[in-house]
Amino acid sequence: MSPVHKEQSFEAAIEHELVGSGWLRGAASNYDRQSGLDTAELFAFIGATQPDEWAKLLAYHGNNANEAQRHFAQYLAKQIDERGPLDVLRRGVKDKGVLIRLAYFNPAHAITDDALKLYRANRLTVTRQLAYSTSNNNTLDLVLFVNGIPLATAELKNPLTGQTIEDAKKQYRETRDPKELLFARRTLVHFAVDPDLVFVTTKLARDKTRFLPFNTGSDGPGVSGGAGNPPAGDKGYRSSYLWEQIWHPDTWMDMVRRFLHTDKDSGSLIFPRYHQWHAVTNLADHAARNGSGQNYLVMHSAGSGKSNTIAWLAHRLSSLHTAPMLDEDARAKGLRPNEPVFDKAIIITDRVVLDRQLQDTVFQFEHVPGVVQRIDKDSAQLAAALQGETAKVVITTMQKFPYILDKVQGLRGKRFAVIVDEAHSSQSGDSAAALKKVLLKLGSDDVDESGDLLTASALARGRHETLSYFAFTATPKPKTLELFGTPHSVTGNPQPFHTYSMRQAIDEGFILDVLRNYVTYKSYWKLANANPDDPEVDPKKAGSQLARFASLHPTMQAQKAEIIVEHFRRHTAPRLGGRAKALVVTGSREAAVRLHTAIKKYVEMQGYVGCDSLVAFSGDLNVDGVEHTEARINGFSEGELPERFAYTAADDKHAGTPRAKQPTEYRMLVVAEKYQTGFDQPLLTTMYVDKLLKNVAAVQTLSRLNRTHPLKAQGDVFVLDFVNEAGDIAEQFKPYFETAATTPTDPNLLYTAQHAVMGYALLVDSEMQAYAEALLAAERKATSDTGLQRAHAALYRFTEPAVDRYNALAADDAEAADTFRSALRDYTRMYAFLSQVVPYHDEDLERLYLYGRALLNRLPRRQDPSVDIGEVELTHLRVSKTGEHDASLTPEGEQMLPGFVGGGAGRQHDPEKVALSELIDAFNDKFGIGLGDADKVWVEQQIVALVEDGTLEAAAMVNDESNFGVVCDKRIEDVILSRHDDNGKLMQRYLDDDSLRSQLNQFARRQAYQMIRRRKGIA
């Protein structure tokens, strides 16, 4: 075999590149296997950087250099054993009161030559074929040292010799003893490398060692792609980024200083994945070159480690300085080299867990309490955080931010990096404008030199040179892309600044594909018009009521409950060692309550165990005359639900013992809106969908299943959908599978909308100007929320004339009035968004926006008559499986989201009404295809038979429902038995199942009584 094909050649090539970038060649003979240190490099570093400190230690040992070195090496080894190499490298050690630094890090700016000189004195060494063990002569291909302390190992494989990266992993698992000093208490990270791929682990644990991919992505870093690395081109190796970028001395020392940290919960070392490091460094580098006033969108999939990325970015931005060398454009914007870019980093998130994680992570870097502060009290707490020197990273929520910042003073000239967690269009409009106003002290001459408050208010809605947004999301909407995206260099289309795609996350095994196992069901049903007359109805409104009636019908709910429970028992319950859980997604609060009730009834009726369920919805809800709340149904508070749902008996070591508290193990959670975004429960394997899912909501909802778990495999993930088609859902996922872009907004859309509003001749310029001036003056003078509210109330007088004119128009032409209202509403919504994207600085537009918002609150609404569909019956029903699908996506490249096109409001015409019977016939044609007698709703058949029974009719006319039941219960079994041919199977269940018989009797008795009395006109 040619020498060039051997593993040693690959090893030598890497060493050559490292030495060329500033590493030194280490000598394997200098490694002390007892202390786990390269003592020659250690003392060469100390002697070159701290001669005075070393002289003091030397004096303690009678100036005996050998004795001093032997003692310090032993002491340092002990300190590393106790504190770990990271802490020792960052903070040094004190020996006999003398502080000895073990590393110097690159200063935040390049002003101090002494700091740079010490930094450059670090001795980074790469040692080949290191024999590390005291019990054998096993060697490692590469070991990386910092000033004599080993931090990383690497095993290299060359496919040309018949070995790949999998052999490197196997070598670590099978021949590297985790108890060896080098692995147990010295090195931090281990790389498995071949010419194409890189994998990494921070903990050796024999066959349990978990290697994670450390690759750029098939199309390179920061862009859409799959797993792996792009072709090498002239570089020779696909994996050369490892030693050219990550192992570059500057990057490696930055990793040690500002990336590596210990997770407090697991105790494991966190080493960044490649895309995390690349995103943080590129965002910071761009801000250092361009200063504040930039917007950035980071499109990172779930499973990307976003919390750590945000922590690293916030820490970096809080101490970021402009670049030492700036181009002409940067200097033209007033930037000067080596100055702080931001005064503070502000994180806007609703995830409380991020607070503690940031506290722990940043403390390990800074070792100073209070650097991270969460705003959970009042404006005084915020003022102290923003104006003080200690807090560098401030955490709050978007909902709270505008209110608690309102009174903050003294922020003039401050620069802020605002990191938005899960950015969506909610960051646009008034809440974001209010945030900017307070941060920048807008509404005064701080911004507008002319003192024109109207112009200042307009400026508040656009980008500002002292405020930068760093927005993170996996599912950007078109508005999000326009607000935070970066224009493409050729097309100008807004796109993410950095991407880690869903495709790559799935390929690399960090999330699971929720579309792989997708089963669809469809509900077929027919209705009957039971009204004595045939009313004419609005087809759209009545149609939605008919569909709602069918979907919420007890028989429909019962059939879906049976399908859910039986599927859960057969397919889901045994998975993950009996830990698997399911989410049931419904379309409304009432649907959630009814389906949860149906599930519980079916489980109880069948006597099943291990199928306990919870329900989640907001607020109070009246269903069939009973007031419900989530807490009342579940039996505990809403805040307890995540923890209660997470409990598993399989992980409770006391379960089944006398010491056990015997908590209920809940396996299913029925939800309405809640827990469909941001809910991270890795034990979820199955989702039952009974709700129409569209656009971002489809992706966010189904992605609750994509979290990984040590016991969870791709085959465990399952979706059963009662409503949506698999192909339709796949279409919703496409824009977020790789990367999304959108088309830029036409700036003139706003003028078109303005002309549409003003064309009704209801608004007068002088009135709008007076209102705007008074409003902005009031906001400037108000010293409290109460004072501002009083000022706003007084301002209503400016809208009185326009309200009068609107009422006159409505009396003469109601449709024209409605269309004006729609046009004005569209304008205000459009302006709130577009003014942040397009720098209009147009007083007319701002004035119309301010006045229009106030006027909309005062315009009376035309009453929208409700539709009464009266008595409708469900006559036929079948819920059937329609297919099993693999809806997984294939790569198609960048997907374009539709851009902002404006309102499109037009005149609203009264719809042509149709007879209810015609509408029901149309629905039956659509939803009742293929239904026959076998699909008749059996219970309803029995109720109709009871209603038509003369004896019962007479009893219902003269008795209350309770007394009527005495007669009805004697007749119901006779009626059912006389009709047994209609459905023998259900009739047999009725006879055999006491619980079912009791429930059906009760339901049939109540329905029959009410129907008889309604037919006779008795309430």
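In what follows, the structure referred to is the one given above.
Residues numbered from 1 in each chain as written. Predicted model: local features only at pLDDT ≥ 70, side-chain atom pairs only at ≥ 80, totals over all residues. Heavy atoms only, no water.

### Focus on the packing of aromatic side chains
Applicable threshold: Classification of ring pairs uses Phe, Tyr and Trp, with its six-membered ring standing for Trp, and accepts pairs whose centres are within 6.5 Å; under 30 degrees between planes counts as stacked, over 60 as edge-to-face, and the remaining range as tilted. Numbering of helices and strands runs from the N terminus, with a helix taken as a DSSP run of H or I at least four residues long and a strand as a DSSP run of E at least two residues long. With a 1.4 Å probe rolled over the protein chains alone, any residue whose accessible area is under 20% of its type maximum counts as buried; one over 50% counts as exposed, and the rest are partly exposed.
Evaluation of the coordinates by the stated rule reveals 35 aromatic pairs. An angle of 55° between the planes, with centres 5.5 Å apart, marks the rings of tyrosine 274 and tryptophan 277 as tilted. Here tyrosine 274 and its partner tryptophan 277 are both found in helix H11 (residues 274–290), three residues apart, which amounts to about one turn of the helix. Comparing tyrosine 274 with tryptophan 277 shows no difference in burial state: the two are buried. Ring plane angle 75° and centroid distance 6.4 Å describe the contact between tyrosine 771 and phenylalanine 798, whose orientation is recorded as edge-to-face. Pair noted here: tyrosine 771 is in helix H30 (residues 765–781) and phenylalanine 798 is in the loop between helix H31 (785–794) and helix H32 (800–812), with a separation of 27 residues, a long-range link.

### What to know about the pattern of salt bridges
Stated formally: Salt bridge, as used here, is a side-chain nitrogen of Lys or Arg placed within 4 Å of a carboxyl oxygen of Asp or Glu.
The full count for this structure, using the stated rule, is 39 salt bridges. The closest approach of N and O atoms between aspartate 81 and arginine 186, which form a salt bridge, is 2.7 Å. Of this pair, aspartate 81 sits in helix H4 (residues 65–83) while arginine 186 sits in helix H8 (residues 181–186), and the two are 105 residues apart along the sequence. Exposure remark for aspartate 81: the relative accessible area of 35% places this residue in the partly exposed category. Residue classification places arginine 186 among the buried residues on the basis of a relative accessible area of 1%. Among the salt bridges present, the one from aspartate 87 reaches arginine 91, with a minimum N-O distance of 2.8 Å. Within this pair, aspartate 87 and its partner arginine 91 are both found in helix H5 (residues 85–91), separated by four residues, close to a single helical turn. Overlapping salt bridges bring together Glu11, Glu15, Arg25 and Arg128 as one network.

### Some details on the packing of helix H29 (residues 749–758) against helix H33 (residues 814–837)
The criterion, for reference: All axes are obtained by fitting lines to C-alpha atoms, using only the stretch in contact for helices, and the reported angles, taken between N-to-C directions, cover 0 to 180 degrees. We call two directions roughly parallel when the angle between them is under 35 degrees, roughly antiparallel when it is over 145, roughly perpendicular when it lies between 65 and 115, and oblique otherwise. Two helices that cross are described as forming a left-handed crossing if the nearer one is turned anticlockwise from the farther one by less than a right angle, and a right-handed crossing if clockwise. Every residue pair with non-hydrogen atoms within 4.5 Å of one another is taken to be in contact.
Direction vectors running N to C along H29 and H33 enclose 155°, while the axes themselves pass 9 Å from each other. Considered as vectors, H29 and H33 are oriented roughly antiparallel to each other. Two packed elements cross with a definite hand, and for H29 against H33 that hand is left-handed. Within the contact between the two elements, H29 uses Leu749, Leu750, Ala753, Gln754 and Val757 and H33 uses Phe820, Ala823, Leu824, Tyr827, Met830, Tyr831 and Leu834.

### Describing H33
Given 3.6 residues per turn, any residue in an α-helix points the same way as the ones three and four places further on. What counts here: A helix is expected to span 1.5 Å multiplied by its residue count minus one. Throughout, the bend at a residue refers to the angle made by two axes, fitted to the seven residues ending there and to the seven starting there.
Taking 1.5 Å per residue, 24 residues should reach 34 Å; H33 reaches 35 Å between its end C-alpha atoms and fits that length. Within H33, the axis deviates most sharply at tyrosine 831, by approximately 30°. Taking burial as the measure, the 24 residues of H33 include 20 buried ones, the bulk of the element.

### A few points about the sheet that holds strand E25 (residues 581–586)
What counts is decided by this rule: Paired strands, as defined in this entry, are two strands with at least two bridges between them according to DSSP.
Judged by pairing direction, the sheet is mixed, and its seven strands sit side by side in the order E26-E29-E25-E30-E31-E23-E33 without closing on themselves. Two strands bound the open sheet, and with one partner strand each, they are strand E26 (613–616) and strand E33 (872–885). For this sheet the average axis-to-axis angle between neighbouring strands, irrespective of direction, equals 15°. Both strand E30 (residues 684–690) and strand E31 (residues 718–721) contribute to a ladder of four bridges, which runs parallel. Residue pairing for E31: tyrosine 688 is matched across the bridge by leucine 720. Sitting on the sheet, helix H27 (residues 695–702) is in contact with strand E23 (518–529), E25, E30 and E31, with an inclination near 145° to E30.

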